[in-house]
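Structural features, examined
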Amino acid sequence: MASLITHAFVGAAVGQTGAVGWRKDWRYWCLMVTISMLPDIDSLGFFMGIPYGSFWGHRGFTHSLLFALIIALLCAAWLSGKFRSRWELAALFFLAIASHGLLDAMTNGGLGVAFFSPFDLHRYFLPWRPILVSPIGVTRFLSARGLRILESEVIYVWCPALVLVGLAGLYQIYTKHRSKAFPLSNAQK
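Read on for a plain summary of the structure. This is a predicted model, so every value here is computed, not measured.

A tally of helices and strands in the chain yields eight helices and zero strands. Listing every helix and strand of the chain by position from the N terminus yields α-α-α-α-α-α-α-α. Dimensions of the chain along its principal axes, counting C-alpha atoms only, are 65 × 35 × 30 Å. Counting every position in the chain, which comprises 189 residues, the buried fraction comes to 40%. Looking at the chain as shown, the accessible area adds up to about 10,800 Å², and 71% of this sits on carbon and sulfur atoms. Of the charged side chains in the chain, 16 are positive and 8 negative; the average position of the first set lies 12 Å away from that of the second.

Below, the structure written as structure tokens:
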């Protein structure tokens, strides 16, 4: 798996692409960061005797696209009283959660990710796997190996995420200035 630090970073990066009004609400940020790490709740199964390759095992159902969709819809419904564009919010939450499995499928270890669970329990990796797999447990992460893992994540995840956030910010600035330069006429409203 990629480290929880990197999953949280990507959730925050995805959150930066959301509407300005959403980004002013602390609940939005708490959800973005939490849900981006949520799929790793299945790692508790190691301590409960759940086999790694099973449905509820690590990188199983909680890393699937269906799980991402269900959680995204629930989170968007919870915030729907505050935000009116529920589907756009759900799509952004979905991206934050689904990014977790995508990053894990880019690691060089583990069993792969059950993207299509419960319909297909096969575990998949992406063809390109540059991210060093992170150990489960804080003490094992706080080592020279942990620094090498963070280095690979900075290169292959953090830097591209920052570029995408920058591009999203430029797009938001462009659309804001474009709407001021070309306001809608009454007929278009």
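From this point on, the discussion continues.
One pair of aromatic rings is described through two measures. These are the centre distance and the angle between the planes. For the coordinates displayed, the defined rule picks out 12 aromatic pairs. Ring centres 6.3 Å apart and planes at 35° place the aromatic pair Tyr28 and Phe93 in the tilted group. Placement of Tyr28 in helix H3 (residues 26-37) and of Phe93 in helix H6 (residues 86-104) is noted, with a sequence separation of 65 residues between them. By the burial criterion, Tyr28 is buried, and Phe93 matches it. We note Arg27 situated over the ring of Trp78; from NZ or CZ to the ring centre the distance is 5.3 Å. The residue whose ring lies beneath Arg129 is Phe125, and the NZ or CZ to ring-centre distance is 3.5 Å.

Let us now look at the side chain of Ser152. In this fold, Ser152 is placed in helix H8 (residues 144-181). Its relative accessible area of 6% is what places Ser152 among the buried residues. Within polar-contact distance, the side chain of Ser152 engages the backbone nitrogen of Leu132 at 3.2 Å. Not counting residues within four places of it along the chain, the set of residues in contact with Ser152 comprises Pro130, Ile131, Leu132 and Val157.

What follows is about helix H5 (residues 65-79). Taking 1.5 Å per residue as the helical rise, H5 with its 15 residues ought to reach 21 Å, and the 21 Å between its terminal C-alpha atoms agrees with that figure. What H5 keeps buried is the set Phe67, Ala68, Ile71, Ala72, Cys75, Ala76 and Leu79. Viewed along the axis of H5, the buried residues span an arc of 155°, placing them on a single side of the element. Elements that come into contact with the buried residues of H5 comprise H3 and H6.

Note on placement: Phe67 falls in helix H5. The buried category is assigned to Phe67, whose relative accessible area is 11%. Distance in space between the C-alpha atoms of Phe67 and Ala98 is 8.7 Å, their sequence separation being 31 residues. If we skip the residues at most four places from it in the chain, Phe67 touches Leu38, Phe61, Thr62 and Ile97.

Attention now moves to H6. Between its first and last C-alpha atoms H6 spans 28 Å; for 19 residues at 1.5 Å apiece the expected length is 27 Å, and the two agree. At Ala98, H6 is bent by approximately 25°, the largest bend along its length. All buried positions along H6 are accounted for by Leu89, Ala90, Leu92, Phe93, Ala96, Ile97, Ala98, Ser99, His100, Gly101, Leu103 and Asp104.

Our next topic: the nonpolar core. Counting residues in hydrophobic clusters, the biggest one holds 27 residues, and the most contacted among them are Tyr28, Met32, Ile35, Leu89, Phe93 and Ile97. Ranked by residues supplied to this core, first place goes to H6 with eight residues. Excluding its chain neighbours within four sequence positions, the residues that come into contact with Ile35 are Ile71, Cys75, Phe93, Ala96 and Ile97.

Counting across every chain of the model gives two salt bridges. A salt bridge links Arg27 to Asp25, with the shortest nitrogen-to-oxygen separation between them at 3.0 Å. With relative accessibility at 7%, the residue Asp25 sits in the buried group. Between Arg59 and Asp104 there is a salt bridge; the shortest N-O distance is 3.8 Å. Pair noted here: Arg59 is in the loop between helix H4 (45-48) and H5 and Asp104 is in helix H6, with a separation of 45 residues, a long-range link. Like Arg59, the residue Asp104 is buried in the burial classification.

Conventions used here
Residue positions within a chain follow its written sequence, with the count starting from 1. pLDDT decides what is reported in this predicted model: residues at 70 or higher carry local features, side-chain atom pairs at 80 or more are listed and counted, and totals for whole chains, interfaces and linings draw on all residues regardless. No hydrogens and no water enter the side-chain calculation; it runs on all heavy atoms of the structure. Strands here are runs of E lasting at least two residues and helices are runs of H or I lasting at least four, both read from the DSSP assignment and numbered beginning at the N terminus. Partly exposed describes any residue whose relative accessible area lies between the buried limit of under 20% and the exposed limit of over 50%, with all areas from a 1.4 Å probe on protein chains only and scaled to the type maximum. With residues, only the protein chains shown are counted as cover, and all accessible areas are computed by Shrake-Rupley using a 1.4 Å probe. In summary, the charge assignment counts Lys and Arg as positive and Asp and Glu as negative, without counting His or the chain termini. Here the site of a charge means atom NZ of a Lys, CZ of an Arg, CG of an Asp or CD of a Glu. For this analysis, a ring pair means two rings from Phe, Tyr or Trp (six-membered ring only for Trp) whose centres lie within 6.5 Å, classed as stacked if their planes differ by under 30 degrees, edge-to-face if by over 60, and tilted for the remaining angles. A positively charged side chain is recorded as over a ring if its NZ (Lys) or CZ (Arg) lies within 6 Å of the ring centre. The angle to the ring normal must also be within 35 degrees. Here a polar contact means two N or O atoms within 3.5 Å. Within protein one must be a hydrogen donor candidate and the other an acceptor candidate, and residues neighboring in sequence count only if both atoms are side-chain atoms. Here, two residues are considered to be in contact whenever any of their heavy atoms come within 4.5 Å of each other. Take the residue count of a helix, subtract one, and multiply by 1.5 Å to get its expected span. Relevant arc is that of directions from the helix axis to the C-beta atoms, nothing else. Bend is the name given here to the angle between axes fitted to two runs of seven residues, the run ending at a residue and the run starting at it. Side-chain atoms within 4.5 Å are what join buried Ala, Val, Leu, Ile, Met, Phe, Trp, Tyr and Cys residues into a set we call a nonpolar core. Salt bridge criterion: a side-chain nitrogen from Lys or Arg within 4 Å of a carboxyl oxygen from Asp or Glu.

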